[in-house]
Amino acid sequence: MNKTRLHSNHVALQAKMIEFFGWDMPIEYSGIVEEHLAVRKQAGLFDVSHMGEIRVAGPQALDFIQYMTPNNAARVHPGKAQYSALTTPEGTFIDDLLVYALDDSRYLLVVNAANVDKDYAWICDHVGGFDVKTENVSAEYTQMALQGPRALEILQPLTDGELSGMPSFGSARMRVAGEESLVSRTGYTGEDGFEVYTKSSNPGGIWEAILEEGRPFGIRPIGLGARDTLRLESCLMLYGNDIDHTTTVLEAGLRWVVKFKKGDFLGRDALLKQKKDGLTRKLVGFEITGRGIARSHYPVYAEGRKVSEVTSGTFSPFLKKSIGLAYLPVEYIEVNTEIEVGVRGKRIPARVVPTPFYKREQS
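Since this is a predicted model, take the numbers as computed values, not measurements.

S.K.: So what's going on with the side chain of S200? Which residues, and what values?
M.R.: Looking at where S200 falls in the secondary structure, it is placed in the loop between strand 12 (193-198) and helix 6 (203-214). Judged by its relative accessible area of 8%, S200 is buried. Contacts of S200, omitting those with residues within four sequence positions, involve R5 and E179.

S.K.: Tell me what's going on with the sheet that holds strand 11 (residues 179-184), and back it up with residues and numbers.
M.R.: With respect to topology, six strands assemble into an open sheet ordered 10-11-12-9-3-13, the strand pairing being mixed. Every interior strand has two partners, whereas the edge strands, strand 10 (171-176) and strand 13 (220-222), have only one. The average angle at which neighbouring strand axes cross in this sheet is 30°, direction not considered. Direction of pairing for strand 10 relative to strand 11: antiparallel, over a ladder of six bridges. The residue of strand 11 that forms the bridge with V176 is E179.

S.K.: Break down the nonpolar core for me, citing the residues and quoting the values.
M.R.: Among the nonpolar cores identified, the biggest contains 41 residues, and F93, Y100, M237, L254 and V258 are the most heavily contacted of them. Counting only elements with at least two residues in this core, the list comes to strand 5 (81-87), strand 6 (93-103), strand 7 (106-111), helix 7 (224-233) and strand 17 (321-329). It is strand 6 that contributes the most residues to this core, four residues altogether. With residues up to four places along the chain from it excluded, the contact list for M237 reads Y83, D96, Y188, R231, D242, I243, A252, L254, L283 and L325. Counting residues in each nonpolar core, the second largest holds 23 residues, with A43, I154, M174 and F194 among its members.

S.K.: Report on the pattern of salt bridges, specifying residues and quantitative values.
M.R.: According to the stated counting rule, one finds 17 salt bridges in the structure shown. Between R106 and D103 there is a salt bridge, with its nearest N and O atoms 2.9 Å apart. Judged by its relative accessible area of 29%, R106 is partly exposed. Here R185 and D192 are joined by a salt bridge, their closest N and O atoms 2.8 Å apart.

S.K.: Could you give me a rundown of the packing of helix 2 (residues 32-41) against helix 7, with the residues and numbers involved?
M.R.: Orientation of helix 2 relative to helix 7, taken along the N-to-C sense of each, is 50°, at an axis distance of 8 Å. When the axes of helix 2 and helix 7 are compared, the pair comes out oblique. In this structure, helix 2 crosses over helix 7, and the sense of that crossing is right-handed. Along the contact surface, helix 2 presents I32, E35, H36, V39 and R40, while helix 7 presents G225, A226, T229, L230 and E233. When its residues are assigned to classes, the contact of helix 2 with helix 7 shows four nonpolar, three polar and three charged.

S.K.: How would you summarise the pairing of strand 7 if you had to cite specific residues and measurements?
M.R.: When you tally the buried positions in strand 7, you get five out of six residues, the bulk of the element. In terms of strand pairing, strand 4 (residues 52-57) meets strand 7 through six bridges, oriented antiparallel. Along strand 7, the bridge assignment pairs R55 with L108. Of the pairings in the sheet, the one linking strand 6 to strand 7 comprises five bridges and is antiparallel in character.

S.K.: Now, about unusual backbone geometry: what can you tell me, with residues and values included?
M.R.: For the bond from T355 to P356, the omega torsion is 0°, close enough to zero to count as cis. Residue placement: P356 occurs in the segment after strand 19 (346-353). The residue A177 is not glycine, and still its phi comes out positive at about 50°. One can find A177 in the loop between strand 10 and strand 11. According to the relative accessible area criterion, A177 is partly exposed, its value standing at 31%.

S.K.: Report on the layout of surface pockets, specifying residues and quantitative values.
M.R.: Computed from the structure, the largest pocket encloses a volume of approximately 1300 Å³. Of all elements in the fold, only strand 6, strand 7, strand 9 (142-147), strand 12, strand 14 (281-288) and strand 19 reach the threshold of two or more residues within the lining of the largest pocket. Counting residues per element, the lining of the largest pocket draws most heavily on strand 14, which supplies four residues. Class assignment for the residues of the lining of the largest pocket results in 25 nonpolar, 14 polar and nine charged. Estimates place the volume of the second largest pocket at around 480 Å³. Together, 24 residues line the second largest pocket, and F20, F21, L224, D228 and L238 are the ones closest to its centre. Mapped onto the lining of the second largest pocket, the elements with two or more residues apiece are strand 1 (16-20) and helix 7.

Procedures and definitions
- Residues numbered from 1 in each chain as written.
- Predicted model: local features only at pLDDT ≥ 70, side-chain atom pairs only at ≥ 80, totals over all residues.
- Heavy atoms only, no water.
- Helix = DSSP H or I, 4+ residues; strand = E, 2+ residues; numbered from the N terminus.
- Buried < 20%, exposed > 50% of the residue type's maximum accessible area, 1.4 Å probe, protein only.
- Contact = heavy atoms within 4.5 Å.
- Pairing = 2+ DSSP bridges.
- Axes fitted to C-alpha atoms, helices over the stretch in contact; angles between N-to-C directions.
- Core = buried A, V, L, I, M, F, W, Y, C linked by side-chain atoms within 4.5 Å.
- Salt bridge = Lys/Arg side-chain N within 4 Å of Asp/Glu carboxyl O.
- Parallel < 35°, antiparallel > 145°, perpendicular 65-115°, else oblique.
- Left-handed = near helix turned anticlockwise from the far one by under 90°.
- Nonpolar A, V, L, I, M, F, W, Y, C, P; charged D, E, K, R; others polar.
- 1 Å grid on protein atoms, 1.4 Å probe; cavity = no way out; pocket = protein on both sides within 12 Å on 5 of 7 lines; lining within 4 Å.
- Points joined across faces, edges and corners; volume = space filled by probe spheres on them.

Right under this line is the structure:
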């Protein structure tokens, strides 16, 4: 299996390790619930170095990214990151991703670990006549995420840059624990926090420095288990569960990343047609009102018939209720609509609720 450059740090912390898309990754350290609540209340540190990085460079790098993604990449400049997607001509997902501008002609695309090779092949296949060069540079980067309400206090003393004025989805080059890094105010938990990208040969020094600085604040190292429950509470998409090549950007409730006025992009015509014709289904959140926990692929019923299945589901450690996501026919997407979820052969009552399930208080 692949190992991140922080693998020995996880072993030293006695993390429980699992295979995750070819990577030996920590699933938990002290326990998923404890780690989850640490991020909500104090801070948590994640190794997300298994994520992929693809560099697009050249005179037409912006034009190419504009064509490949539905969001307006012209708004991305050095100092800013953008959430977007790689879309098919049908308006469905190859992947969701972050776009960083390294400078005026070089961009970094951060993609999901499970999709790196597929994404890179898709990008290369569509270069066509664009004057750009693409490169899969995933092996160069170590990526860490510091998330939680104490993240700023913990990270600031370790950097030579100013973090308090950095907006959400802002980014900047700076040293972290003495190592050259790209720092962005982004994350996958619904909390304030930062992601640190470094090419350092000693990223473990950054990891250890953050944990030591965060000790008085109650920081915890966080595994993939809590990463999943945190992102679901905040209704953040997981490729392969909530979005994939069969689901369109509009059906997933991500209309805000689609900028039709910017000009042509892959999937524009299909998404325009879907917008005009109206959706037939949409991703919604639900909570179980009976006894049971929703899990991925469990059947969903409305008016006595199966209408869908759960895309993601869990017991929320913070909200202390069973929550989930599912694509429902539009006649059932209104808040408080009664549905049922099949749990171990029984139909358990549930209802459609607003999303995100959890939203942090803004200071």
